[in-house]
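Here are the chains, one letter per residue:
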Amino acid sequence: MQPDEPNSPTPYQLLGGDAKVRELVDRFYDLMDFEGKYRELRAVHGTTLESAREKLYMFLSGWLGGPSLYTDRFGHPMLRARHLPFAIGAVERDQWMACMVQAMEETEVPQELRQALEQALFRTADWMRNR
Ligand code: HEM
């Protein structure tokens, strides 16, 4: 995500920086692991969520306008291609979004930012659909 104007704060700054990205991603995967309503989404993932947790944290840092941790280490994200091995339909997309919205609410992401992120993340999640 890019800020609207050159001098306006990035979404990364509005969110609260590195510790807050980490907190959001940790809550997201904890919810995915423990809430029954995200069962189908959880099932697409492996036995542990540790690599997914680390990579989403690194990716979101750069995507939100902070340090480009993911691309520095892994190069271009090629997100759609990297998700092709996993069967992602509307159910998985909607659970991913619902889980992220719940994580944003529970970690108290400011409402205006939350709404902007929701819209942008939905476009990304929908683009990942391959079934
Ligand atoms: C639409 C529903 C989605 C599903 C079901 C899904 C599922 C997955 C799975 C199973 C993995 C592999 C995890 C592992 O390494 O163990 C993964 C990786 C990843 N996902 Fe998603 N994902 C979804 C949407 C998204 C969205 C919207 C984003 C970004 C905003 C995202 C970012 C990533 C990243 C950065 C990786 C690591 C890629 C790599 O380096 O291999 N995913 N995802």
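Calculation criteria
Sequence order as written defines the numbering, with residues in each chain counted from 1. Where local features are concerned, this predicted model is filtered to residues with pLDDT of at least 70; where side-chain atom pairs are given and counted, the filter is 80 or more; whole-chain, interface and lining totals use all residues. To get the side-chain values, take all heavy atoms of the structure and skip hydrogens and water. Each metal site lists N, O and S donors within 2.8 Å (3.2 Å for Na, K and Ca). With water left out of the atoms, a site can look as if it is missing ligands. Counting from the N terminus, the helices are DSSP H or I runs at least four residues long and the strands are E runs at least two residues long. Nonpolar cores were defined as sets of buried Ala, Val, Leu, Ile, Met, Phe, Trp, Tyr and Cys residues, with membership established by side-chain atoms within 4.5 Å. The classification of residues rests on relative accessible area computed with a 1.4 Å probe and restricted to protein chains. Under 20% of the type maximum is buried, over 50% is exposed, and intermediate values are partly exposed. Here, residues are in contact when the closest pair of their heavy atoms is within 4.5 Å. The rule for a salt bridge is simple: a side-chain nitrogen of Lys or Arg has to be within 4 Å of a carboxyl oxygen of Asp or Glu. The criterion for a residue being near a molecule or strand is simple. One of its heavy atoms has to lie within 4 Å of it. In protein, a polar contact means a hydrogen-donor-capable atom and an acceptor-capable atom, both N or O and within 3.5 Å, with residues adjacent in sequence counting only if both atoms are side-chain atoms; elsewhere, any N or O pair within 3.5 Å suffices. By the convention adopted, Pro, Cys, Tyr, Trp, Phe, Met, Ile, Leu, Val and Ala count as nonpolar, Lys, Arg, Asp and Glu as charged, and the other residues, Gly among them, as polar.

Our focus in this paragraph is the coordination of the iron atom of the ligand. In a perfect tetrahedron of four donors around a metal, the angles come out at 109.5 degrees. In a perfect octahedron of six, they are 90 or 180 degrees. Protein coordination of the iron atom of the ligand is limited to a single donor, His83 (NE2), which sits 2.0 Å from the metal. Within the secondary structure, His83 sits in helix 6 (residues 79-83).

Right, let's get into the nonpolar core. One finds Phe28, Leu60 and Met100 to be the most contacted residues of the largest nonpolar core, which totals 36 residues. Among all residues touching Phe28, those that are not within four sequence positions of it are Leu56, Trp96, Cys99, Met100 and Ala103.

Let's shift gears to the pattern of salt bridges. Taken as a whole and assessed by the stated rule, the structure comprises 10 salt bridges. Salt-bridge contacts for Arg42 lead to Asp33; the nearest nitrogen and oxygen are separated by 2.7 Å. Assessed through its relative accessible area of 16%, Arg42 is described here as buried. As a salt-bridge pair, Asp126 and Arg93 come within 2.6 Å of each other at their nearest N and O atoms. Taken together, the residues span a long stretch of sequence, with Asp126 in helix 8 (residues 111-127) and Arg93 in helix 7 (residues 90-106) at a distance of 33 residues.

On to the site of the ligand. Around the ligand lies a shell of 21 residues, among which Ser51, Tyr70, Arg82, His83 and Trp96 are the nearest. With respect to the ligand, the side chain of Tyr70 contributes an N or O atom lying 2.5 Å from an oxygen atom. Here His83 contributes a side-chain N or O atom positioned 2.8 Å from a nitrogen atom of the ligand. For the shell around the ligand, the elements supplying multiple residues, two or more each, are helix 3 (39-44), helix 4 (50-63), helix 6, helix 7 and helix 8. Considering only residue class, the shell around the ligand consists of 13 nonpolar, 4 polar and 4 charged.

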